[in-house]
Amino acid sequence: MAPSPSSSPSFLLIFSIFFVLFHAAPSFQLQLNSLDISALLAIKNTLTDVPGTHFFSSWDFASPRPCSTFAGVICSLDNSSPNPTLRVTSLTLGTGLSDSPGLAGSLSASLSNLTQLTQLVLYAGLVTGPIPPQLGNLINLRVLSLTNNRLTGPIPASLSSLHNLHTLDLSFNQLSGSIPPGIAHLDQLKVLILASNILSGELPKFPAIQELFHIDVKRNKLWGRLPSSMPVSLRYLSLVYLDLSMNQFSGPIPKALFHSRLNSMLLQRNNFSGGVPTAASSTSYAQGSIVDLSHNLLTGELSPILAGVETLFLNNNRLIGRVPDEYVNSISRGDTKTLYLQHNYISDFPMQSGLALPDSVSLCLSYNCMVPPVGLAACPASAGGQLSRPAYQCSVYNNGTAP
């Protein structure tokens with residue numbers, strides 16, 4: 001009778017090998033690199049849980065497996081040395097929970113010793129002090145997000161050395177100084193968010209071939225003209241996003257921005273001047289598109305280039321003349337749902353008498369050089385109660401002597 005599989009020599013040999021390996025595994029357990037352990041200890045020594053946060057409660061340095069037990073730490077095997085070890089590749093500081101007040105303290109320069117790090121995230125909290133310039137040594141970093149804290153000082157120029165960086169988000173801090181020019185030349189950079197700081201100076205010149213998805217530098221003190229080489233390939237998933245609002249930019253808006261199919265372009269409350277350019281070709285806008293050019297110094301007649309934008313704010317400028325038919329057609333169809341043109345010097349809105357707009361449309365034409373059509377007022381309270389400008393203002397403006 002043939003021997004059963006369980007009693008064959010080959011089966012017993014294989015079983016014995018697995019038995020030995022299984023029981024011997026703890027002695028061969030991979031250890032976290034000692035340099036990374038020292039770095040994590042230094043990081044913990046400069047940060048602390050704000051009362052109500054329990055992030056560091058799991059950081060027990062007596063633990064034999066910090067990669068499995070430390071909150072926010074992710075490790076990967078490093079085979080580059082003769083004795084393979086685990087290295088920290090992702091570090092998230094804080095829980096990110098809405099009911100957690102976050103961390104306090106400062107960022108340790110020892111973060112730069114986590115040389116295999118690809119992602120560094122600091123969630124909202126009360127962390128103060130500068131961004132360590134040593135972070136520029138983390139050449140594998142792809143995501144650097146240090147948001148919603150109280151970081152001060154300049155953006156380190158050394159971050160321009162992070163050539164693998166995909167996302168840089170330093171928003172909602174108290175960073176000052178200018179944006180390092182080298183940031184604009186990081187060829188892998190796709191997302192740049194520096195909003196709500198105290199940054200000043202001019203926006204760096206981006207290479208024309210730069211493929212940024214998302215730029216947000218609103219609520220700073222940036223000034224000057226926008227570079228004519230602003231990247232025209234901006235796209236954020238299916239949504240294009242550019243937010244330069246509430247700064248001190250001046251000069252004309254680069255024509256390239258009006259031809260890049262930007263679906264979200266927020267340039268309000270600056271000092272942009274010149275006109276809205278004429279379209280060289282048709283431009284389409286996706287559902288949910290928004291363009292806000294309000295509260296600037298734009299002049300001249302409005303061109304049809306922005307017709308079809310779902311939410312369009314052109315109020316509080318110095319636009320004159322007749323509104324193109326394309327805008328009237330767009331709101332009549334309901335493609336444009338919000339069109340604010342108040343506080344300009346517009347003289348005609350060519351809408352047929354008695355034509356009713358869809359209920360979803362908000363159209364504001366108050367305080368222009370015309371009387372808005374009866375029944376079409378859907379203005380915000382900030383537009384004021386006057387339907388049209390005094391005649392002398394329109395006369396002075398049309399003679400080219402407006403204040």
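No experiment lies behind these values; they were computed from the predicted model shown.

Draft legend 1. The arrangement of helix 2 (residues 34-46) in detail. The first and last C-alpha atoms of helix 2 sit 19 Å apart over 13 residues, in line with the 18 Å expected at 1.5 Å per residue. Within the span of helix 2, buried status applies to Asp 36, Ala 39, Leu 40 and Ile 43. Taken end-on, helix 2 shows its buried residues confined to a sector of 100°, consistent with a single buried face. Facing away from the buried side of helix 2 by more than 90 degrees, the exposed set consists of Ser 34 and Asn 45. Against strand 1 (47-49), strand 2 (73-78) and strand 3 (85-93) lie the buried residues of helix 2. With a side-chain oxygen lying 2.8 Å from the backbone nitrogen of Leu 35, the N-terminal cap of helix 2 falls on Asn 33.

Draft legend 2. Broad picture of the environment of Ser 110. Along the chain, Ser 110 turns up in the loop between strand 4 (103-106) and strand 5 (119-122). Residues within four places of Ser 110 in sequence aside, it is in contact with Ala 39 and Ala 42.

Draft legend 3. Just the pairing of strand 5, in detail. Bridging between strand 3 and strand 5 involves four bridges; their strand directions are parallel. Paired with Leu 91 across the bridge in strand 5 is Leu 120. Bridge analysis of strand 5 against strand 7 (residues 143-146) gives four bridges, and the strand direction is parallel. What sits directly across from Leu 120, in strand 7, is Leu 144.

Draft legend 4. Structural context of the packing of aromatic side chains. Taken as a whole and judged by the stated rule, the model has eight aromatic pairs. Between Phe 55 and Phe 56, the ring centres sit 5.0 Å apart and the planes meet at 70°, which makes this aromatic pair edge-to-face. With respect to class, Phe 55 is no different from Phe 56; both count as buried. The rings of Phe 55, Phe 56, Trp 59, Phe 61 and Phe 70 are connected pair by pair, giving a single aromatic cluster. When the ring centre of Tyr 345 is taken as origin, the NZ or CZ atom of Arg 389, which lies over that ring, is 3.9 Å away.

Draft legend 5. Expanded view of helix 4 (residues 325-333). Three or more residues of helix 4 are buried, namely Tyr 327, Val 328, Ser 330 and Ile 331. Axial view of helix 4: buried residues confined to an arc of 165°, hence all on one face. The inward-facing, buried residues of helix 4 contact strand 21 (311-313), strand 23 (338-340) and strand 25 (362-364). Directly beyond the C-terminal end of helix 4, a positive phi value near 90° is found at Gly 334.

Draft legend 6. Seen up close, the side chain of Thr 338. For Thr 338, the position within the fold is in strand 23. Given a relative accessible area of 16%, Thr 338 falls into the buried group. Those residues in contact with Thr 338, other than ones at most four positions away along the chain, are Glu 310, Thr 311, Leu 312, Phe 313 and Ser 362.

What counts, and where the lines are drawn
Residues numbered from 1 in each chain as written. Predicted model: local features only at pLDDT ≥ 70, side-chain atom pairs only at ≥ 80, totals over all residues. Heavy atoms only, no water. Helix = DSSP H or I, 4+ residues; strand = E, 2+ residues; numbered from the N terminus. Expected span 1.5 Å × (residues − 1). Buried < 20%, exposed > 50% of the residue type's maximum accessible area, 1.4 Å probe, protein only. Arc of directions from axis to C-beta. Contact = heavy atoms within 4.5 Å. Polar contact = N/O pair within 3.5 Å; in protein donor to acceptor, adjacent residues only side chain to side chain. Pairing = 2+ DSSP bridges. Phe/Tyr/Trp six-rings, centres within 6.5 Å; stacked < 30°, edge-to-face > 60°. Lys NZ or Arg CZ within 6 Å of the ring centre and 35° of its normal.

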